[in-house]
Amino acid sequence: MSVLISAFCFQNHSTLPTSTRSDYRPYEIIQQPHHAPEEYKPNQGEMDLGTTYKRDFNSYKIQPVAIVRPLERQQVKKGKLDTVPTYKDDYRAWDIQKSELYKPEQSYYPPTVKFGNSTTFQDNYVPWEIQPRQSFKPSSVVQRPTVPFNGDTSHRLDYAPYQLESRLVRPKEVYRPTNQPFEDLTTHRCDFQGLVGATAKICRPAHSRVTQNAQFEGSTEFRDSFQPWEIPPPKVKKVQEYVPPAGSMQLHSTSHLDYVPYQAERVIPIRPISHRRNHHFPFQGKSTTKEDFPAWESCRQGLIKKQQQIPNPSGKFDGLSTFRSHYVPYELIPTESCKPVNVPLQSSCPFDDVTMYSTEYAPKKQEICPASYPSPPGYIFENTNSQGHKFFRKITPAVKAF
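Keep in mind it's a predicted model, so treat the numbers as computed, not measured. (Residues numbered from 1 in each chain as written. Predicted model: local features only at pLDDT ≥ 70, side-chain atom pairs only at ≥ 80, totals over all residues. Heavy atoms only, no water.)

Helix and strand content of the chain: twelve helices and two strands. The N-to-C order of helical and strand elements in the chain reads α-α-α-α-α-α-α-α-α-α-α-α-β-β. Within the chain, the proportion of its 402 residues that are buried is 1%. If you take every contact in the chain between residues at least 6 apart in sequence, the share linking residues at least 24 apart comes to 57%. (Helix = DSSP H or I, 4+ residues; strand = E, 2+ residues; numbered from the N terminus. Buried < 20%, exposed > 50% of the residue type's maximum accessible area, 1.4 Å probe, protein only. Contact = heavy atoms within 4.5 Å.)

Below you can see the structure in the form of structure tokens.
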């Protein structure tokens, strides 16, 4: 029901005229004239590059500054040097008398009794008797009122009951569908005619399928080696047959029963009616600003190049540099070597080759490994294992009893 009402409202609004449809008039677009810039013509003559600094500057000849530092004079005095300083020569010891002490005499006398000294607090303290304060705390005894309780409130005193009027019940209106068919034509479909153009070319390359003469073998190592197992079919569960319920279903809802349809009315626009006249002559796009402020002709300024003051060199280039022209070669003087001469020392005394190792060395007797003997001395043969190894036991000397 709500879908039918919205379609009816859309149909009424789409067919009614609007301010845009009534006031819109298409105009012919006139192309604006293009201003062609004039050809640039450079000024004749040379540019004066002289500045105020070059005109007013006067060069002066600079002379070296004379040294104002005085010459060093060496004063040489003949005679014995007096080493007595001025402090020792002028100092004279004064006869200072000892000043008398202005310290007051001691008036403290130690007490004769133990802990006999009283403090300043004990001397100045006067004990006072403690008096209890008066308590202002209310008593905890409950006081029962003598006057009876008044339960009247402002709401009970000021409340005035009024009789309610009966509520107006509106009767339900019967829905009446519209007789006009629904028109789905929009402004865009009416005014848009589309643009005519060439069909876009497909830039996708042509698909060339590669075919082979040999037959494709679809067998793999997994398929050759795999032995499929026999899988029993799954058990199908039997579905019970559907039995529809008896009777008819009631499709009435609270919204269907209580819904009251209302017929939508067109909203009256508050915008005032346009009193614009329709003229058939073309639109003039000139304004006061365009007539009073015409565009100025602007020319692009050329590059300002400074004239070359240093003339270009003429003739063949001489590759002589300042370093080569000022360089004075000097003869190299080899440095005297202070390294001692590599000559063996020769002495008439015989060489003493006695060392502490040779004097203190005591040779030890090398023991022979018992495995080198077929029957080692000091050992007794016990047995031979499966791999052919022989086992011997060491002979222990017998200990004699006392």
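Time to look at the pattern of salt bridges. Counted by the stated rule, this structure contains two salt bridges. With a closest N to O distance of 3.5 Å, Asp 56 and Arg 55 form a salt bridge. (Salt bridge = Lys/Arg side-chain N within 4 Å of Asp/Glu carboxyl O.)

For the rest of this paragraph, the subject is the packing of aromatic side chains. In total, this model carries six aromatic pairs according to the counting rule given. For the pair Phe 222 and Phe 226, a centre-to-centre distance of 5.4 Å together with 15° between the ring planes defines the contact as stacked. In this structure Phe 222 comes out as exposed when scored by relative accessible area, which is 61%. (Phe/Tyr/Trp six-rings, centres within 6.5 Å; stacked < 30°, edge-to-face > 60°.)

Take the confidence of the model for the chain next. The share of residues in the chain with pLDDT of 70 or more is 89%, and the mean pLDDT across the chain is 78. The secondary structure element of the chain with the lowest average pLDDT is helix α1 (residues 2-15), at 43, and the one with the highest is helix α6 (residues 154-158), at 88. Here residues 1-14 scores under 50 on pLDDT; set against residues more than four positions off or in separate chains, the count is 17 contacts. (pLDDT = per-residue confidence, 0-100.)

So, on to the pairing of strand β1 (residues 379-384). One ladder, built from five bridges, connects β1 with strand β2 (residues 390-394); its direction is antiparallel. Counted as the bridge partner of Ile 380 is Arg 393 from β2. Taking the residues that link successive antiparallel strands as the turn, the β1-β2 hairpin has five residues, and the phi of Gly 388 there is positive, at about 95°. (Pairing = 2+ DSSP bridges.)

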